Amino acid sequence: MNILILGSGGREHTFAWKIKQSPLCSNLFIAPGNAGTSSCGSNININPTDFEKVKALALSEKIEMIVVGPEAPLVEGIFDFFQNDPEVKHIQVVGPSKEGAKLEGSKAFAKEFMAEQNIPTAAYQEFTSNTLEEGLNYISTQTPPIVLKADGLAAGKGVLICPTIEEAQMELKEMLSGKFGSASAKVVIEEFLDGIEFSVFVLTDGKDYKVLPVAKDYKRIGEGDTGLNTGGMGAVSPPPFVDEILMQKVNDRIIKPTIKGIQERGFEYEGFVFIGLIRVDNEPYVIEYNCRMGDPETEVVLPRMKNDLVELFLGIRNGNLNKIEIIKDERAATTVMLVSGGYPEKYEKGKAMSGFEKASDSILFHAGTKQDGENIVTNGGRVLALTSFGNNFQEALKISKNNAELIDFEGKYYRKDIGFDL
Ligand code: AMP
Ligand code: GLY
């Protein structure tokens, strides 16, 4: 079958690399893709949120399955767009409906959903400009740090952790008066949870589900988890602290009730649920839901899966997801992200890259790269993810770091301490 992947990052290159290995895949297209995805299939330069163009491509290339990488097309309703159009209804879109994607698209919605199912998460209240005074009062009763979240999508920047009551009050005023545009017209204020984070990925048809390998990502730009938040600087799978006892709790208290909630609410959900978790005193709590795979977690999760990913996706539509076992590579995988100098603030693009041929024993997943004539040049903040295997994550990290030294471009930066807290 012909398959289309939407997106252009390291996550999408990993999907492309994995899907290309499936005997079920004939022709693979990636829109818009990057310099790495073009070695797995054909890049097509269209925007994943331009649904009419995606439809035209799907028809002209006889696409039968669309794998959606980023959240934006899902939150904007690409699943429903295809479902409601007789011309393209037969095409499987891997992802949730617009309603289901609200688990990521609205923090207030996700909190309400969790409360309904008694899913452990930080205590919270939500406020709008009409209830600003109540919000300021609520903050004054809280113990800092205080967590403020813009309700809507804010390009990963909508969460503020304020060290004092005064700062939280000032930020609440700014957020409600449009700091993140309409995304912060509503703000969730929640209790700060102190612990270690990890990511659990579930593939579901809305009823049955499969739990994929667990991962942990490193979001801060600086070593020792310092500095600004980024899209993700590296990841480890599995994080050694996530043992069977903790996973049993995650299953019973979080995954099962999440799927039950999806069913009870009647969401059409035929894709990934990414559950961002934090372990506090050995108990798991939900920090957030996403309606897609994580990036760079995908770069360690998919390489650890021995399954045919296309078969798993088909299982969603055919109702036989339950018959498929997830087969894991027992080795550890680590990925290290090379980023552009200045990222996550201002950075330059178009820097010539070299040294690809010197790197060995790692899988190179391209993120912000572009073909420029004979050369590959940088084309984003996060540039290249280097994934390696080892008997433990330290062994894997050593290989990724060796290769990180061999690949070069002006301004290159990466964290050498991925897994430092494990
Ligand atoms: P999010 O955009 O919801 O993933 O939040 C970004 C980051 O903020 C998370 O990965 C956490 O590190 C942090 N965070 C969010 N909510 C909380 C919370 N209630 N307590 C502590 N840290 C949090
Ligand atoms: N790595 C976190 C995310 O994809 O949201």
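Okay, so let's go over this structure. Because the structure is a prediction, the values reported are computed rather than measured. (Residues numbered from 1 in each chain as written. Chains lettered and ligands numbered in written order. Predicted model: local features only at pLDDT ≥ 70, side-chain atom pairs only at ≥ 80, totals over all residues. Heavy atoms only, no water.)

Here helix 1 (residues 10-20) crosses helix 11 (residues 309-318) at 95°, and the two axes come no closer than 8 Å. For the element pair helix 1 / helix 11, the angle class is roughly perpendicular. Together, Phe 15, Lys 18 and Ile 19 of helix 1 and Leu 309, Val 310 and Phe 313 of helix 11 make up the contact between the two elements. Classifying every residue of the contact of helix 1 with helix 11 by side-chain character gives five nonpolar, no polar and one charged. (Axes fitted to C-alpha atoms, helices over the stretch in contact; angles between N-to-C directions. Helix = DSSP H or I, 4+ residues; strand = E, 2+ residues; numbered from the N terminus. Parallel < 35°, antiparallel > 145°, perpendicular 65-115°, else oblique. Contact = heavy atoms within 4.5 Å. Nonpolar A, V, L, I, M, F, W, Y, C, P; charged D, E, K, R; others polar.)

Every residue near ligand 2 is listed here: Asp 217, Lys 219, Gly 231, Phe 274, Arg 292, Gly 294, Asp 295, Pro 296 and Glu 297. One of the backbone nitrogen or oxygen atoms of Gly 231 is found 3.5 Å away from a nitrogen atom of ligand 2. Here a nitrogen atom of ligand 2 sits 2.8 Å away from a polar atom, N or O, in the side chain of Glu 297. Within the complex, 89% of the 190 Å² of free accessible area of ligand 2 lies under protein. In terms of residue class, the shell around ligand 2 is built from two nonpolar, two polar and five charged. (Near = heavy atom within 4 Å. Polar contact = N/O pair within 3.5 Å; in protein donor to acceptor, adjacent residues only side chain to side chain. Areas by Shrake-Rupley, 256 points an atom, 1.4 Å probe, with all protein chains shown as cover.)

Below, the discussion takes up the layout of surface pockets. Taken as a whole, the second largest pocket spans an internal volume of roughly 430 Å³. Lining of the second largest pocket is provided by 17 residues; of these, Val 214, Val 242, Glu 244, Met 247 and Lys 328 occupy positions nearest its centre. Of all the secondary structure elements, the ones that give two or more residues to the lining of the second largest pocket are strand 11 (209-211) and helix 9 (244-265). When residues in the lining of the second largest pocket are grouped by element, the largest group, four residues, is from helix 9. (1 Å grid on protein atoms, 1.4 Å probe; cavity = no way out; pocket = protein on both sides within 12 Å on 5 of 7 lines; lining within 4 Å. Points joined across faces, edges and corners; volume = space filled by probe spheres on them.)

Right, let's talk about the packing of aromatic side chains for a bit. Summed over all chains, the structure comprises 13 aromatic pairs. Ring plane angle 20° and centroid distance 6.3 Å describe the contact between Phe 113 and Phe 267, whose orientation is recorded as stacked. With Phe 113 in helix 6 (residues 107-116) and Phe 267 in the loop between helix 9 and strand 16 (269-270), this pair connects stretches of sequence that are 154 residues apart. Between Phe 198 and Phe 241, the ring centres sit 5.7 Å apart and the planes meet at 90°, which makes this aromatic pair edge-to-face. In this pair, Phe 198 is assigned in strand 10 (residues 196-204) and Phe 241 in the loop between strand 15 (234-237) and helix 9, connecting sequence segments 43 residues apart. When its relative accessible area of 2% is taken as the criterion, Phe 198 is described as buried. Within the aromatic cluster, the residues linked to one another by ring pairs are Phe 109, Phe 113, Phe 267 and Tyr 289. For the cation-ring pair, Lys 416 lies above Tyr 414, with the distance from its terminal atom to the ring centre recorded as 4.7 Å. (Phe/Tyr/Trp six-rings, centres within 6.5 Å; stacked < 30°, edge-to-face > 60°. Buried < 20%, exposed > 50% of the residue type's maximum accessible area, 1.4 Å probe, protein only. Lys NZ or Arg CZ within 6 Å of the ring centre and 35° of its normal.)

With that settled, the discussion passes to the site of ligand 1. Neighbouring ligand 1 are 14 residues, the closest being Glu 190, Glu 191, Leu 193, Glu 197 and Glu 288. Contact between ligand 1 and Glu 191: a nitrogen atom at 2.9 Å from a main-chain N or O atom of the residue. The contact in question runs from an oxygen atom of ligand 1 to an N or O atom on the side chain of Glu 197, over 2.5 Å. In isolation ligand 1 has 470 Å² of accessible area, and contact with the protein removes 89% of it.

Quick look at the sheet that holds strand 15 now. Pairing is antiparallel across the open sheet formed by five strands, whose spatial order is 12-15-19-23-20. The strands lining the two open edges of the sheet, one partner per strand, are strand 12 (216-217) and strand 20 (363-366). Summarising the sheet, strand 19 (residues 332-339) and strand 23 (residues 382-390) pair through eight bridges and their orientation is antiparallel. Bridging across to strand 23, Val 339 finds its partner in Arg 382. Together, strand 15, strand 19 and strand 23 form the strand contacts of helix 12 (residues 393-406), whose direction differs from that of strand 23 by roughly 140°. (Pairing = 2+ DSSP bridges.)

A few words now on the environment of Ala 215. Looking at the element boundaries, Ala 215 is found in the loop between strand 11 and strand 12. As for Ala 215 and Ile 407, which are separated by 192 residues in sequence, their C-alpha atoms are 25 Å apart.

Here the focus is the sheet that holds strand 17 (residues 272-280). The strand order across the open sheet formed by four strands is 11-10-17-18, and the pairing between neighbours is antiparallel. Strand pairing shows two members of the sheet lacking a second neighbour, strand 11 and strand 18 (283-290), which therefore form its edges. Across the sheet, the mean angle separating the axes of adjacent strands is 30° when strand polarity is ignored. Sheet analysis places strand 17 next to strand 18, joined by seven bridges and oriented antiparallel. Bridging across to strand 18, Gly 276 finds its partner in Glu 288.

With that out of the way, let us pick up the pairing of strand 15. Side chains Gly 234 and Val 236 project from strand 15 onto one buried face, and the interleaved Ala 235 and Ser 237 project onto a second face that is buried too. Sheet topology places strand 15 next to strand 19; four bridges connect them, and they run antiparallel. Residue pairing across strands places Ala 235 opposite Thr 335, the latter belonging to strand 19.

Evaluation of the coordinates by the stated rule reveals 29 salt bridges. With a closest N to O distance of 3.3 Å, Arg 265 and Glu 112 form a salt bridge. Placement of Arg 265 in helix 9 and of Glu 112 in helix 6 is noted, with a sequence separation of 153 residues between them. Exposure remark for Arg 265: the relative accessible area of 26% places this residue in the partly exposed category. Asp 217 is the salt-bridge partner of Lys 219, the closest N and O atoms lying 3.8 Å from each other. Overall, Lys 219 belongs to the partly exposed group, its relative accessible area being 31%. Residue class for Asp 217 comes out buried when judged on its relative accessible area of 11%. One continuous salt-bridge network, built from bridges that share partners, spans Lys 55, Asp 85 and Glu 87. (Salt bridge = Lys/Arg side-chain N within 4 Å of Asp/Glu carboxyl O.)

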